[in-house]
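Spelled out, the chains give:
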Amino acid sequence: MTNPSLLILPGDGIGPEVMAEVRKIIDWYGAKRGMVFDVSEDLVGGCAYDAHGTPLTDETMAKAQEVDAVLLGAVGGPKYDKLDFSVKPERGLLRLRKEMDLYANLRPAQCFDALADFSSLKADVVGGLDIMIIRELTSGVYFGEPRGIIKEGNERVGINTQRYTESEIARVARSAFELARKRNNKVCSMEKANVMESGVLWRDVVQEIHDAEYPDVELSHMYADAGAMQLTRWPKQFDVIVTDNLFGDLLSDLAAMLTGSLGMLPSASLGAPMANGRPKALYEPVHGSAPDIAGQGKANPIACILSFAMALRYSFDQGAEADRLEQAVEAVLADGLRTADLIGEEGREPVSTAEMGDAIVAKLDASL
Ligand code: IPM
Ligand code: MG
């Protein structure tokens with residue numbers, strides 16, 4: 001049997017620093033659990049543009065299509081702000097999502113007990129929070145045509161198109177219902193059916209898939225703006241939230257802050273099963289490249305490490321090992337270790353990115 005394969009794309013900004021800590025975890029699983037991965041590494045984003053004039057080469061794209069899972073750090077930075085849209089670092093990530101057809105983006109928002117006091121919301125509102133946002137990732141206004149900036153008379157007009165086909169809605173709805181069955185059996189679908197036709201269709205299709213295939217799952221619908229309000233008012237009313245690409249982008253940043261820091265949240269982007277039965281998959285932290293703190297050892301590696309835990313669970317069927325890694329993270333936080341993003345007014349000394357990674361490895365050792 002060949003080893004499972006991983007393509008690592010650290011990217012820009014804090015991406016390489018946090019990925020270095022994930023490497024320690026991957027090595028630990030090889031050495032201590034006999035789970036050896038064939039790891040290759042490549043460029044994506046601004047660093048790929050610097051090296052090759054494109055944020056993602058065709059060779060890297062082809063590699064991503066072949067491996068069992070892709071792990072990505074972060075892309076982008078102020079240095080690339082003025083670049084043409086077609087070669088911006090973000091286009092590298094969007095191309096991966098689109099060409100791998102990773103339509104279901106799983107963004108869990110879990111509040112670790114040790115951090116409940118750190119959220120900007122009251123501890124009783126977020127304590128024990130465990131929700132999952134499923135964001136449609138390959139369609140909607142991110143990709144709809146026509147798009148562009150055109151000239152109309154003597155002024156410019158910016159155009160993007162929100163577009164969803166029935167089948168695009170149906171497949172992400174199924175992902176949400178399947179996942180809900182493994183959790184608390186509840187799905188809330190969010191759109192703007194009060195103002196957008198694409199929202200009307202979204203609501204109808206989600207309801208149809210529910211009635212025909214998942215009548216056992218509790219389904220509700222909410223306008224996305226009201227959903228944002230409810231997420232901050234009483235987030236524990238939700239289990240699985242399914243929503244479109246743009247609303248999902250916004251709502252998942254909001255949900256992330258419920259848990260204390262954007263530096264904590266992992267994500268999995270999943271597509272259809274490959275020949276070996278594993279889904280096409282890319283794992284990445286929800287946070288960005290944080291250029292302001294890059295290269296200083298201040299970044300929190302936990303989101304990226306928890307993204308690898310999601311890879312263990314969703315690509316490699318190693319739920320127990322994913323639990324082990326999540327518990328190691330929880331234990332380190334319970335010990336009081338905090339990277340700079342998790343320090344509030346209390347004036348605690350932050351640990352560095354590498355110290356956090358090492359502490360998690362030590363907890364993994366202790367778990368054996
Ligand atoms: C995210 C990010 C990306 C997005 C950017 C970097 C293209 O904000 O993954 O949430 O908008 O999807
Ligand atoms: Mg985002």
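Rules of the game
Residues numbered from 1 in each chain as written. Chains lettered and ligands numbered in written order. Predicted model: local features only at pLDDT ≥ 70, side-chain atom pairs only at ≥ 80, totals over all residues. Heavy atoms only, no water. Pairing = 2+ DSSP bridges. Helix = DSSP H or I, 4+ residues; strand = E, 2+ residues; numbered from the N terminus. Axes fitted to C-alpha atoms, helices over the stretch in contact; angles between N-to-C directions. Contact = heavy atoms within 4.5 Å. Parallel < 35°, antiparallel > 145°, perpendicular 65-115°, else oblique. Left-handed = near helix turned anticlockwise from the far one by under 90°. Phe/Tyr/Trp six-rings, centres within 6.5 Å; stacked < 30°, edge-to-face > 60°. Buried < 20%, exposed > 50% of the residue type's maximum accessible area, 1.4 Å probe, protein only. Lys NZ or Arg CZ within 6 Å of the ring centre and 35° of its normal. Domains from an automatic or database assignment. Buried area = accessible area lost by both parts, 1.4 Å probe. Salt bridge = Lys/Arg side-chain N within 4 Å of Asp/Glu carboxyl O. Polar contact = N/O pair within 3.5 Å; in protein donor to acceptor, adjacent residues only side chain to side chain. Nonpolar A, V, L, I, M, F, W, Y, C, P; charged D, E, K, R; others polar. Core = buried A, V, L, I, M, F, W, Y, C linked by side-chain atoms within 4.5 Å.

Peer 1: Mind showing me how you'd approach the sheet that holds strand 11 (residues 266-273) here?
Peer 2: Consider a sheet: its strands pair through backbone hydrogen bonds, and that pairing is either parallel or antiparallel. With mixed pairing, 10 strands are arranged side by side in an open sheet as 2-1-3-12-11-4-5-10-8-9. Each end of this open sheet is capped by a strand with a single partner; those strands are strand 2 (38-41) and strand 9 (218-223). Here the strands of the sheet are splayed against their neighbours by 20° on average, with no regard to which way each runs. Relative to strand 5 (residues 130-136), strand 4 (residues 104-110) runs antiparallel, the two sharing 7 bridges. Paired with Ala 104 across the bridge in strand 5 is Glu 136. Across the sheet, helix 3 (residues 58-66) touches strand 1 (5-11), strand 2, strand 3 (69-74) and strand 12 (279-285), and the angle it forms with strand 1 is around 140°.

Peer 1: What should I look at first to understand the packing of helix 10 (residues 302-314) against helix 11 (residues 319-334) in this one?
Peer 2: Any two packed helices are characterised by how steeply their axes cross, that is the angle between the axes, and by the distance between the axes. At their nearest, the axes of helix 10 and helix 11 sit 7 Å apart, and the two run at 160° to each other. Overall, the two elements helix 10 and helix 11 adopt an arrangement that is roughly antiparallel. Crossing of helix 10 over helix 11 shows left-handed handedness. Taking contact as the criterion, the partners of Ile 302, Ile 305, Leu 306, Phe 308, Ala 309, Leu 312 and Arg 313 in helix 10 are, on helix 11, Gly 319, Glu 321, Ala 322, Asp 323, Leu 325, Glu 326, Val 329 and Leu 333.

Peer 1: Quick question: what am I supposed to make of the packing of aromatic side chains here?
Peer 2: The geometry of an aromatic ring pair is captured by the separation of the ring centres together with the interplanar angle, meaning the angle of the planes. Enumeration over the complete set of coordinates arrives at 6 aromatic pairs. Ring centres of Phe 177 and Tyr 214 lie 5.1 Å apart, and the angle between their planes is 25°; on these two criteria the pair is classed as stacked. Residue Phe 177 is located in helix 6 (residues 166-181), and its partner Tyr 214 is located in the loop between helix 7 (197-213) and strand 9; the two are separated by 37 residues in the primary sequence. We note that Phe 177, like Tyr 214, is buried. Ring-pair connections join several aromatic residues into one group, and the members of that group are Trp 28, Tyr 29, Phe 37, Phe 308 and Phe 316. Against the face of Tyr 142 rests Arg 135, its NZ or CZ located 5.2 Å from the ring centre.

Peer 1: Would you explain the domain arrangement of the chain in this entry?
Peer 2: Interface size, as often reported, equals the accessible area lost upon joining of the parts. The domains assigned to the chain are domain 1 (1-109 + 262-368) and domain 2 (130-258). With centres defined by C-alpha atoms, the gap from domain 1 to domain 2 works out at 24 Å. Listed as interface residues are 19 residues of domain 1 and, on the opposing side, 22 residues of domain 2. At the boundary of domain 1 with domain 2, total buried surface from both sides reaches about 1900 Å², with 60% on carbon and sulfur atoms. In this structure, the salt-bridge partner of Asp 101 is Arg 171, at a minimum N-O distance of 2.9 Å. The interface formed by domain 1 and domain 2 includes 7 residue pairs in polar contact (both at pLDDT 80 or more). When contributions to the side of domain 1 that touches domain 2 are tallied by element, the ones reaching two or more residues are helix 4 (89-99) and strand 4. In terms of residues, the side of domain 1 that touches domain 2 owes the most to one element, strand 4, which gives 6 residues. When its residues are assigned to classes, the side of domain 1 that touches domain 2 shows 12 nonpolar, 2 polar and 5 charged.

Peer 1: Sorry if this is basic, but what is going on with the nonpolar core here?
Peer 2: Buried together is how nonpolar side chains tend to be arranged in soluble globular proteins. One finds Leu 71, Ile 134, Phe 308, Leu 325 and Ile 360 to be the most contacted residues of the largest nonpolar core, which totals 92 residues. It is helix 10 that contributes the most residues to this core, 9 residues altogether. Two domains each put at least three residues into this core: domain 1 (1-109 + 262-368) and domain 2 (130-258). If we skip the residues at most four places from it in the chain, Phe 308 touches Leu 6, Val 22, Ile 25, Ile 26, Tyr 29, Phe 37, Leu 71 and Leu 325. Core analysis: the second largest hydrophobic core is formed by 15 residues, Leu 9, Leu 56, Met 61 and Val 70 among them.

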